[in-house]
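# Reading the structure
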Number of protein chains: 2
Amino acid sequence: MKVDIIISANDIKKEKIKDKTVIIIDILRATSVIITALNNGCNEVIPVVNVEDAKNLVKNNRDKYILGGERNAVKIDGFDFSNSPLEYTEDIVKNKTLVMTTTNGTKAIHGSLGAKIILIGAFINAKAVAQKAIELNNDLVIVNAGTRGEFSMDDFICSGYIIECILKNAYAELSDIAATAHYIYTQNTNILDFLSKAKHYKVLMNLGLEEDIKYCCKTDIIDIVPSCKFTSHQVKIEKK
Amino acid sequence: MKVDIIISANDIKKEKIKDKTVIIIDILRATSVIITALNNGCNEVIPVVNVEDAKNLVKNNRDKYILGGERNAVKIDGFDFSNSPLEYTEDIVKNKTLVMTTTNGTKAIHGSLGAKIILIGAFINAKAVAQKAIELNNDLVIVNAGTRGEFSMDDFICSGYIIECILKNAYAELSDIAATAHYIYTQNTNILDFLSKAKHYKVLMNLGLEEDIKYCCKTDIIDIVPSCKFTSHQVKIEKK
């Protein structure tokens, strides 16, 4: 299999992802939230681009839904929860549908329409998502959501770790950017050290979100691999 | 000054380069050729996107022009020279105009129209181009030509070295991708070792171009900084 990386939601080119296996990564924090919520018994996650669309979707059936997400890394007015994975505990999410909107992650998911399959990855499920990509036996593009349309070091090093997990169990031909991400990971197995150089890390630390960051950098604590289902008017992310 | 990087000629976004200082890098080999030729007395370099346009430009005044460039890293039929910087010696280029067309570098130069100033950089003039960027005291975008529209490790590590040269003499606020390139350079001061992982390196090695690669990885052997002048119908690159 070939492995390539797209560096941000704003850099997705349709021809690069067409018919590929895509893994979406937004470790700080959208995909870490999605994986955590589904692992804790959430029925499904519906990523929505706009705040108003998210509110409209839940307004007539408030009991069934949780409304989560962020703008500028902060909870949105009228939403139940922010973009902290630590909020999405079993007692909150079990048997509910999470409607979420985040700046970068939701955009990356919607932008990846056209891929053969879209998986959701993060450090917390890296081995599992790598194994799933191997089983699918198709060329892989790891789409980094990035931050505000820019390359983000946190997603990049996580891509490198997923590639490391793939290479332990399969042959893969790496593009130059995939080889660079893999190199970065192999030089920085202390992930937090590397991340301390990242802009988005500093933003979250200034918001007092150190515990979120620590959680999002834990590797392989969850073994589910969420995948996206596109219908004519909606994307749903499910546990399997 | 802020420092950012664009990872390939296909990833240039006009709003990112508008009014910025841009340094174009295509170390293997277009910008290494341009810098070498101008340093050896060439009057000016005219980068042209199409082979036919290049041939038409020189046909009525063959004595004045040298025709150089590559497709798939190989000399073009009817051209005088390929894309090897070692060919552009003083006896060949002195007082001539070099018309060149290369796959990635020429595209990056034409794609950067809209920048405040466009400089030409490579390892061979890295310190000089870094110093020029500092003097210009404007936000900087390093445009990596890349290879076939893709991120290329060779241009990326060179960006990291130019950033290292800037940081030695000025404060710069690095974007995440600029910080990553800088990190890559600081971990790999043996440039050739890192480049041996790159796809384009392997292509050139298979073509027997090891001496070209070694030359292009020499640092700071030339102190000129070519810059681009756009006229209504042409780009010209001059020594100062």
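So, how was this worked out
Residues numbered from 1 in each chain as written. Chains lettered and ligands numbered in written order. Predicted model: local features only at pLDDT ≥ 70, side-chain atom pairs only at ≥ 80, totals over all residues. Heavy atoms only, no water. UniProt positions renumbered as here; feature names shortened; annotations may be inferred. Helix = DSSP H or I, 4+ residues; strand = E, 2+ residues; numbered from the N terminus. Rg over C-alpha atoms; globule rule 2.2 N^0.38 Å. Buried < 20%, exposed > 50% of the residue type's maximum accessible area, 1.4 Å probe, protein only. Contact = heavy atoms within 4.5 Å. Areas by Shrake-Rupley, 256 points an atom, 1.4 Å probe, with all protein chains shown as cover. Least-squares fit on C-alpha atoms with pLDDT ≥ 70 in both. Salt bridge = Lys/Arg side-chain N within 4 Å of Asp/Glu carboxyl O. Expected span 1.5 Å × (residues − 1). pLDDT = per-residue confidence, 0-100. Axes fitted to C-alpha atoms, helices over the stretch in contact; angles between N-to-C directions. Left-handed = near helix turned anticlockwise from the far one by under 90°. Nonpolar A, V, L, I, M, F, W, Y, C, P; charged D, E, K, R; others polar. Buried area = accessible area lost by both parts, 1.4 Å probe. Polar contact = N/O pair within 3.5 Å; in protein donor to acceptor, adjacent residues only side chain to side chain.

- An unreviewed UniProt entry annotates chain A as Probable 2-phosphosulfolactate phosphatase originating from Clostridium colicanis DSM 13634.
- According to the UniProt record, the Catalytic activity (unreviewed entry) comment for chain A reads "(2R)-O-phospho-3-sulfolactate + H2O = (2R)-3-sulfolactate + phosphate".

### Looking at the overall build of chain A
- The helix and strand inventory of chain A stands at 11 helices and 11 strands.
- In terms of overall dimensions, chain A is globule-like: its C-alpha atoms have a radius of gyration of 16 Å, near the 18 Å expected for 240 residues.
- Here chain A holds 240 residues, and 60% of them are scored as buried.
- Residue pairs at least 24 apart in sequence account for 76% of intrachain contacts in chain A once pairs closer than 6 positions are excluded.
- When the accessible surface of chain A is split by element, carbon and sulfur atoms take 46% of a total near 9,600 Å².

### Comments concerning the relation of the copies chain B and chain A
- The transformation that overlays chain B on chain A combines an axial shift of 0.0 Å with a rotation of 180°, and the residual RMSD is 0.0 Å. Classification of the inter-copy transformation places it as that of a two-fold axis.
- Comparing interface residues between copies, 100% of those in chain B also lie at the interface in chain A; the contact surface is shared.

### Overview of the pattern of salt bridges
- Tallied over the full model, the rule gives 24 salt bridges over all chains.
- Ionic pairing is found between A:Lys18 and A:Asp19, a salt bridge with its closest N-O pair at 3.3 Å.
- A residue is classified by how much of its surface remains accessible, and A:Asp19, at 45% relative accessible area, is partly exposed.
- For B:Asp4, the salt bridge identified is with B:Lys16, shortest N-O distance 3.6 Å. With B:Asp4 in strand β1 (residues 2-6) and B:Lys16 in helix α1 (residues 14-17), the pair connects residues that are 12 residues apart, well separated along the chain.
- The exposure class of B:Lys16 is buried, given its relative accessible area of 18%.
- One salt-bridge network, held together by shared partners, links A:Asp4, A:Lys16 and B:Glu150.

### A look at helix α7 (residues 153-167) of chain B
- For α7(B), spanning 15 residues, the distance from its first C-alpha to its last is 21 Å, which sits close to the expected 21 Å at 1.5 Å a residue.
- When you tally the buried positions in α7(B), you get 14 out of 15 residues, the bulk of the element.

### Quick notes on the confidence of the model for chain A
- Confidence in the prediction for chain A averages 94 pLDDT; 100% of positions are at 70 or higher.
- Among the scores for the predicted complex, ipTM is 0.92 and pTM is 0.94.

### Here we look at the packing of helix α8 (residues 176-187) of chain A against helix α8 (residues 176-187) of chain B
- At a minimum axis separation of 12 Å, α8(A) and α8(B) run at an interaxial angle of 65°. In the packing of α8(A) onto α8(B), the handedness of the crossing is left-handed. Where α8(A) approaches α8(B), its residues A:Thr180, A:Tyr183, A:Ile184 and A:Gln187 are matched on the opposing element by B:Thr180, B:Tyr183, B:Ile184 and B:Gln187.
- Classifying every residue of the contact of α8(A) with α8(B) by side-chain character gives four nonpolar, four polar and no charged.

### As for the interface of chain B and chain A
- Tallying the contact residues gives 26 residues for chain B and 26 residues for chain A.
- Three residues, B:Asp176, B:Tyr183 and B:Lys199, lead the burial of chain B against chain A; their summed loss comes to 30% of the area buried on that side.
- For the interface between chain B and chain A, the tally reads six salt bridges.
- Ionic pairing is found between B:Lys199 and A:Glu173, a salt bridge with its closest N-O pair at 2.9 Å.
- If you look at where chain B meets chain A, you find 12 residue pairs in polar contact (both at pLDDT 80 or more).
- At the level of secondary structure, the elements contributing two or more residues to the side of chain B that touches chain A comprise α7, β9 (173-174) and α8 of chain B.

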